[in-house]
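Here are the chains, one letter per residue:
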Amino acid sequence: MSIEHPENNELYKGLKVNKGISDVPTVNPYLKKRIQRKQYTASEYVEGILKGDITILSQAVTLVESSLYEHQQLAQEIIEKCLPYAGNSVRIGITGVPGAGKSTSIDVFGMHLIKKGCKLAVLAIDPSSERTKGSILGDKTRMEELSRQKNAFIRPSPSAGSLGGVARKTRETIVLCEAAGFDSIFIETVGVGQSETAVHSMSDFFLLIQLAGTGDELQGIKRGIMEMADGIIINKADGDNIEKANLAAAQFRNALHLFPLAESGWTPKVLTYSGYYGLGITEIWDMIDEFITFTKKNGYFYHKRNEQSRYWMYESINEALRDSFYHNPAVERMLPITEKQVLNNEISSFVAAKRMMDLFLDNLSGKKD
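Treat the numbers as computed from the prediction; the structure is a model and nothing was measured.

Our next topic: the overall build of the chain. Helix and strand counts for the chain come out as 14 helices and seven strands. Within the chain, buried positions represent 42% of all 369 residues. Long-range contacts, defined as pairs at least 24 residues apart, comprise 76% of the intrachain contacts of the chain with a sequence gap of at least 6. In the structure as shown, the chain presents an accessible area of about 21,700 Å², 54% of it carried by carbon and sulfur atoms.

On to the environment of Glu283, then. Along the chain, the position of Glu283 falls in helix 11 (residues 281-297). On the basis of relative accessibility, which here comes to 47%, the residue Glu283 falls in the partly exposed class. Separated by 10 residues in the primary sequence, Glu283 and Tyr273 place their C-alpha atoms 8.8 Å from one another.

Reading across from one edge, 3-2-4-1-5-6-7 is the order of the seven strands in this open sheet, with parallel pairing throughout. Across the chains shown, the open sheet's two edge strands, defined by having one partner strand only, are strand 3 (152-154) and strand 7 (269-272). Recorded for the sheet is a direction-independent mean angle of 20 degrees between the axes of neighbouring strands. The pairing of strand 2 (residues 120-125) with strand 3 spans three bridges and is parallel. If you follow Leu120 over to strand 3, its bridge partner there is Ala152. Across the face of the sheet, helix 4 (residues 102-115) comes into contact with strand 1 (90-96), strand 2, strand 3, strand 4 (184-189), strand 5 (205-211) and strand 6 (231-235) while running at roughly 180 degrees to strand 4. Packed on one face of the sheet, helix 11 meets strand 1, strand 4, strand 5, strand 6 and strand 7 and runs near 160 degrees to strand 7.

Next up on the list: the confidence of the model for the chain. Residues of the chain with pLDDT of at least 70 account for 78%, and the chain-wide mean is 83. Within the chain, the element-level pLDDT minimum falls on helix 5 (residues 129-132), averaging 48, and the maximum on helix 11, averaging 96.

Core analysis: the largest hydrophobic core is formed by 52 residues, its most contacted members being Ile49, Ile78, Leu176, Ile232 and Ile234. Sorting elements by how many residues they give to this core places helix 7 (residues 163-179) first, with seven residues. Residues contacting Leu176, with those up to four places away along its chain left out, are Ile49, Leu57, Ala60, Val61, Val64, Ile78, Ile79 and Cys82. Membership of the second largest hydrophobic core comes to 31 residues, among which are Leu113, Leu120, Tyr273 and Phe301.

Moving on to helix 2 (residues 54-65). Helix length check: helix 2 (12 residues) gives 16 Å between terminal C-alpha atoms against 16 Å at 1.5 Å per residue, within 8%. Burial in helix 2 covers these residues: Ile56, Leu57, Ser58, Gln59, Ala60, Val61, Leu63 and Val64. For helix 2, the N-terminal capping position is held by Asp53, with its side-chain oxygen 3.0 Å away from the main-chain nitrogen of Thr55.

A cluster of nonpolar residues, Met313, Tyr314, Ile317 and Leu321, forms a patch on the protein surface that exposes about 400 Å² of accessible area. Judged by relative accessible area, Ile317 falls into the partly exposed class, the value being 40%.

Let us now look at the pairing of strand 4. Taking burial as the measure, the six residues of strand 4 include six buried ones, the bulk of the element. Alternating residues of strand 4 divide into Ser184, Phe186 and Glu188 and Ile185, Ile187 and Thr189, and every residue in both groups is buried. One ladder, built from six bridges, connects strand 2 with strand 4; its direction is parallel. Bridging across to strand 4, Val122 finds its partner in Phe186.

Attention now goes to the packing of aromatic side chains. Under the criterion given, the structure shown has 13 aromatic pairs. Seen in terms of ring centroids, Phe109 and Tyr273 are 5.7 Å apart; in terms of plane orientation they differ by 40 degrees. Their pairing is tilted. Linking Phe109 in helix 4 with Tyr273 in the loop between strand 7 and helix 11, this pair joins segments that are 164 residues apart in sequence. On the basis of an interplanar angle of 85 degrees and a centroid distance of 5.0 Å, the ring pair of Phe325 and Tyr326 is categorised as edge-to-face. Among the aromatic side chains, those forming a connected cluster through ring pairs are Phe109, Phe186, Tyr273 and Trp285. Between the NZ or CZ atom of Lys119 and the centre of the ring of Phe182, over which it lies, the distance is 4.7 Å. Looking at Lys296, its charged tip hangs above the ring of Phe301, at a distance of 5.0 Å from the centre.

Our focus in this paragraph is helix 11. Taking 1.5 Å of rise per residue, 17 residues should cover 24 Å, and helix 11 covers 25 Å from first to last C-alpha, within 8% of that figure. When helix 11 is considered as a whole, its buried residues turn out to be Ile281, Ile284, Trp285, Met287, Ile288, Phe291, Ile292 and Thr295. Along the axis of helix 11, the buried residues cluster in a sector spanning 150 degrees; they form a single face. Looking at helix 11, the residues exposed on the side facing more than 90 degrees away from the buried face are Thr293 and Lys297.

Within the secondary structure, Glu332 is located in helix 13 (residues 329-343). The residues touching Glu332, leaving out its near neighbours within four places in the chain, are Tyr326 and His327.

Quick notes on the rules
- Residues numbered from 1 in each chain as written.
- Predicted model: local features only at pLDDT ≥ 70, side-chain atom pairs only at ≥ 80, totals over all residues.
- Heavy atoms only, no water.
- Helix = DSSP H or I, 4+ residues; strand = E, 2+ residues; numbered from the N terminus.
- Buried < 20%, exposed > 50% of the residue type's maximum accessible area, 1.4 Å probe, protein only.
- Contact = heavy atoms within 4.5 Å.
- Areas by Shrake-Rupley, 256 points an atom, 1.4 Å probe, with all protein chains shown as cover.
- Pairing = 2+ DSSP bridges.
- Axes fitted to C-alpha atoms, helices over the stretch in contact; angles between N-to-C directions.
- pLDDT = per-residue confidence, 0-100.
- Core = buried A, V, L, I, M, F, W, Y, C linked by side-chain atoms within 4.5 Å.
- Expected span 1.5 Å × (residues − 1).
- Polar contact = N/O pair within 3.5 Å; in protein donor to acceptor, adjacent residues only side chain to side chain.
- Patch = residues over 30% accessible without salt bridge, like charges linked within 9 Å, V, L, I, M, F, W, Y side chains within 5 Å.
- Salt bridge = Lys/Arg side-chain N within 4 Å of Asp/Glu carboxyl O.
- Phe/Tyr/Trp six-rings, centres within 6.5 Å; stacked < 30°, edge-to-face > 60°.
- Lys NZ or Arg CZ within 6 Å of the ring centre and 35° of its normal.
- Arc of directions from axis to C-beta.

In structure tokens:
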């Protein structure tokens, strides 16, 4: 008689033991299998982009932002095929101090263009997004009208970490958006610091948004950013703030007179407006149109585009070399050891760098490391 099975005991021989039920499955059998996203070829992506299919455009931009090797290969093929259809937009870089009202302004500026029959793409450069998760996703909720328009495409910046990586992906995204028929591109700086330089390197017109009534209007504004600006606009010029905005505009005009004439031959203008009330928007766009006409007439517009293409070629080479160096197996093995030698004052930083470069180059040429 088994102790483990009391049903076998003589005392319970009149009892009937029912058969147990099988285990209940942990996954609901009625759930449908997740629909897999269709895998497109490069030609299919290009065909969809040229038709203005926003879904396919978004997927192509995701490929551009991906760090997977196969995605990058496909993205580069798509970009190459889209290049003949790109370049037909006006690219406007937009920067400004925190709280200057960039999101509200972009919403108002964008709606102004949409009503004129334009197609607008809003992109962002945010090198800090990996750490802070960026802010343009929040900005989309503040672009209330623009985010509902079928002719507007708002794309958060990729969290690539480094400014060079984010900027290159944004530059490639511009090509795709232009091929999709977007004739106006806004490139917004979400991060601070060198991101303004990156935006300037891919825009036709660089717009600086400022505020009035915050103390010294020129405080904290780098000379470099002022020199890059093709136009400065003072936001929140409404109500009791109009006088302060006009004073700030006068201060900026005086400051601009101290700078040498830009290579374009254009003298930057300073305007006041109210993004919240939509005042002065037409004047801002008249200024931008005037600049584009002026620079196309004297040839600077196309000269700048060529210079930007040259700049991004060398930036891409530098980035590829850097990635190749740090992902080289021999370098990956020796770098921590060499770093430790530098920290222990066994070798100098310069000797260490030369050793690592020699190791990298020897490894490339097939010599033993």
